[in-house]
Amino acid sequence: AAYPVTIDPTVVVPQSYLFFEDTTIKENSTTDYSSWQYLIVGNYVTGSRYRGLMKIQVPGGVENEFITYARLTLSPSAQNNGSQINLYRNTSDFTDSEVTCANQPGIVDIAEDFFYIDGQSKYVFDITNALKYWQENPNYGFSIRSDNEVLAYNSVKSIECTTTSLKPLVEI
């Protein structure tokens, strides 16, 4: 080991410093959900499939730094215990107020991370690989999808949530 040892601190990025946009899209709908305080994923009582979309701009202070880990923490709004939500990196861009199911971004084949819901107060996703990828490539954000888009309904608080402690949080 080399001495002295340098410990890289975790950077908790306040929402006010992030360019953050998010929305929900609903199957067969052109409604703009970008001002809602939550993102719906899965299947609601209407029988329609919902997906969440989220874009986070990597803060300027870390865009050229070595990222050892990055986490996205989401707060549940509605939970379907025993279900799973997946976080996918998008392969094309979207605008939160204009995106619909018909023009939603593509996603990578394998989820960045997933979360099994069992009554938790926070959902934590590892987004390290996505942030590293975005250091060299365009950042098109994430899609949040239920693992079972037919039988599970969940929602998480969005950036529009009026309670600061429940808004999405990024730690790098």
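Refer to the preceding data block for the structure.
Residues numbered from 1 in each chain as written. Predicted model: local features only at pLDDT ≥ 70, side-chain atom pairs only at ≥ 80, totals over all residues. Heavy atoms only, no water.

Peer 1: Tell me about the side chain of Ser29, residues and numbers included.
Peer 2: Turning to its location among the elements, Ser29 is positioned in the loop between strand E2 (20-26) and strand E3 (38-43). A polar contact of 3.1 Å, which involves the side chain of Ser29, links it to the side chain of Thr31. (Helix = DSSP H or I, 4+ residues; strand = E, 2+ residues; numbered from the N terminus. Polar contact = N/O pair within 3.5 Å; in protein donor to acceptor, adjacent residues only side chain to side chain.)

Peer 1: Can you break down the pattern of salt bridges residue by residue, with the values?
Peer 2: Here the structure, examined in full by the defined rule, presents six salt bridges. Between Glu149 and Arg51 there is a salt bridge; the shortest N-O distance is 2.7 Å. Of this pair, Glu149 sits in the loop between strand E10 (142-146) and strand E11 (153-157) while Arg51 sits in strand E4 (residues 49-56); the two residues are 98 residues apart in sequence, bridging distant segments of the chain. Pair check on accessibility: Glu149 and Arg51 agree, each one buried. A salt bridge links Lys55 to Asp93; the nearest nitrogen and oxygen atoms lie 2.6 Å apart. (Salt bridge = Lys/Arg side-chain N within 4 Å of Asp/Glu carboxyl O. Buried < 20%, exposed > 50% of the residue type's maximum accessible area, 1.4 Å probe, protein only.)

Peer 1: Please set out the pairing of E11 residue by residue, giving values where relevant.
Peer 2: Among the five residues in E11, four count as buried, and that is most of the element. As paired strands, E3 and E11 are joined by five bridges and run antiparallel to one another. Looking across to E11, one finds that Tyr38 is bridged to Lys157. In the sheet, strand E6 (residues 76-78) pairs with E11 via two bridges, with the strands oriented antiparallel. In the sheet register, Pro76 faces E11, and the bridge partner there is Val156. (Pairing = 2+ DSSP bridges.)

Peer 1: Let's hear about the environment of Glu136: which residues, and what values?
Peer 2: On the secondary structure map, Glu136 appears in the loop between helix H1 (128-134) and E10. Owing to a relative accessible area of 69%, Glu136 belongs among the exposed residues under this scheme.

Peer 1: Account for the packing of aromatic side chains, naming residues and giving values.
Peer 2: Under the definition given, this model contains six aromatic pairs. Ring centres of Tyr33 and Trp36 lie 4.5 Å apart, and the angle between their planes is 90°; this geometry places the pair in the edge-to-face category. For the ring pair Tyr33 and Tyr50, a centre distance of 6.5 Å and an interplane angle of 70° mean the geometry is edge-to-face. Taken as a pair, Tyr33 in the loop between E2 and E3 and Tyr50 in strand E4 lie far apart in primary sequence, 17 residues in all. On the basis of relative accessibility, which here comes to 7%, the residue Tyr33 falls in the buried class. Using a relative accessible area of 5% as the deciding quantity, one classes Tyr50 as buried. (Phe/Tyr/Trp six-rings, centres within 6.5 Å; stacked < 30°, edge-to-face > 60°.)

Peer 1: Give a description of unusual backbone geometry that names residues and reports values.
Peer 2: Of note in this structure, Asn28 is not a glycine but carries a positive phi near 60°. Along the chain, Asn28 turns up in the loop between E2 and E3.

Peer 1: Break down the side chain of Ser48 for me, with residues and values.
Peer 2: Mapped onto the secondary structure, Ser48 falls in the loop between E3 and E4. The residues touching Ser48, leaving out its near neighbours within four places in the chain, are Lys26, Glu27, Gly42 and Asn43. (Contact = heavy atoms within 4.5 Å.)

Peer 1: Break down the nonpolar core for me, citing the residues and quoting the values.
Peer 2: If you look at the biggest cluster of nonpolar residues, it comprises 27 residues, and the most contacted ones within it are Met54, Leu72, Leu74, Tyr123, Phe125, Ile127 and Leu131. The set of elements that each furnish at least two residues to this core consists of E3, E4, strand E5 (71-74), strand E7 (84-89), strand E9 (123-126), H1 and E10. A per-element tally of this core places H1 first, with three residues. Beyond its immediate sequence surroundings of up to four residues, Tyr123 is in contact with Leu72, Thr73, Leu74, Pro76, Ala78, Gln79, Ile85, Phe115, Ile117 and Val156. Of all hydrophobic cores here, the second largest spans five residues; its members include Ile25, Leu53, Phe94 and Val99. (Core = buried A, V, L, I, M, F, W, Y, C linked by side-chain atoms within 4.5 Å.)

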